[in-house]
Amino acid sequence: MKATAVAHPNIALVKYWGKRNVALNLPAAGSFSLTLAGLTTRTTVKFDKGFESDMVMMGERAVGGPKRDRVSRFLDRVRAAAGIQHRATVYTHNDFPTAAGVASSASGFAALAAAASRALNLDMDTQGLSVLARLGSGSAARSVYGGFVEMLPGKRQDGSDAHAVQVLPEDHWDLVCFVVLTTTGEKPMGSTEAMTSTAQTSPYYNAWVDSVPRDIGKAKMAAMKRDFRALGEVAEHSCLKFHASAIASDPGILYWRGLTVELIHHVRRLRETGIDVFFTIDAGPHVKVFCQAPSRSAVRAMLQGLEGVGQILEARPGPGVQIERPDGSLEPY
Ligand code: DP6
């Protein structure tokens, strides 16, 4: 009744922003992402008849309040599927700063879904695991798979067809992703709440949702052909469109700080000098900058040169969720 899983965050190149069903976490449109190695979540789940309540440990600290409740509600679904009532202890550790804005909920719920379902021996393939992870967090459905991943929004009411699929494996293209930290501290509004507010109050929301399928088509084609410029164009456009729809909410949702905007200009300047780079930004102030492996050192040096830039994390395309064997080695779920 105990299992450990390892998962990586993913960065959306075509963003997910909005739900067709909030309770089941069904996305209003698809999305397209790259799973990242170099940033890792490791989660152990242990169910025991003797436990009185669920306990969640993040690193050395016990977590309470809404964060623990979210994990508990998720475990309720896994318990219901297994037909048991045992409470659980969850130990989870990120080797990257949680406030880095690299969707720790994506790797977090992917690892939790894998560890919990394996601990209870649920008979589940990766598609079923992706559906389960989605119930924890929409972006977690994508971290089940490695490399380039597409999230299918599905049509069914029960969400059984809303899951991710792998489009291209992690060794398809040697890209580098820099996560450039601009500020410290927690972001002002979580994505779940911000999506609801955008859907309810932004005049640009419907236009945003309608534009997603075409962007996914373009991004998939660019990734298949390893066309870096085409991928960068669609990724930046998707990022700016999603932020524009959030900014136009009432009250406006603005995740950017001054340095975020400086970095956008900086990346565009670099591109004008002939270096292939593009940026993307999620629901926070930090900027993710992509380049191809040969320009890695040059891009890192240029990013470090910008005044105010803090820590820079570096990641490469990575694998999907994995289960830890008793000897500590990993196997695909
Ligand atoms: C901006 O997956 O965190 O990172 O489904 O409510 O848990 P919930 O939202 P979440 O949203 C991610 C939003 C994003 C874009 C993306 O990753 O596609």
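Please read all numbers here as calculations on a predicted model, not as lab measurements. (Residues numbered from 1 in each chain as written. Predicted model: local features only at pLDDT ≥ 70, side-chain atom pairs only at ≥ 80, totals over all residues. Heavy atoms only, no water.)

Student: Quick rundown of the site of the ligand? Include the residues and the values.
Tutor: Residues in close proximity to the ligand total 18 residues, the closest being Y16, K19, G138, S139 and T192. At a separation of 3.0 Å, an oxygen atom of the ligand approaches a polar side-chain atom of R70. The separation between an oxygen atom of the ligand and a polar side-chain atom of T192 is 2.7 Å. Computed on the free molecule, the ligand has an accessible area of 460 Å², of which 96% lies beneath the protein chains in the complex. (Near = heavy atom within 4 Å. Polar contact = N/O pair within 3.5 Å; in protein donor to acceptor, adjacent residues only side chain to side chain. Areas by Shrake-Rupley, 256 points an atom, 1.4 Å probe, with all protein chains shown as cover.)

Student: An account of the environment of R61 is requested, with residue identities and associated values reported.
Tutor: Mapped onto the fold, R61 is located in strand β8 (residues 61-63). For R61, a relative accessible area of 66% translates into the label exposed. Along the backbone, R61 and T92 are 31 residues apart, and their C-alpha atoms lie at a distance of 9.9 Å. (Helix = DSSP H or I, 4+ residues; strand = E, 2+ residues; numbered from the N terminus. Buried < 20%, exposed > 50% of the residue type's maximum accessible area, 1.4 Å probe, protein only.)

Student: Run through the nonpolar core, naming residues and quoting values.
Tutor: Counting residues in each nonpolar core, the largest one holds 63 residues, and the members touching the most others are L13, W17, F148, F178, L231 and V289. With eight residues, helix α6 (residues 205-225) is the single largest residue contributor to this core. Each of domain 1 (2-169 + 318-332) and domain 2 (175-317) gives at least three residues to this core. Ignoring any residue separated from it by four or fewer positions in sequence, one finds F178 in contact with V287, K288, V289, C291, R296, V299, R300, L303, I312, L313 and E314. (Core = buried A, V, L, I, M, F, W, Y, C linked by side-chain atoms within 4.5 Å. Domains from an automatic or database assignment. Contact = heavy atoms within 4.5 Å.)

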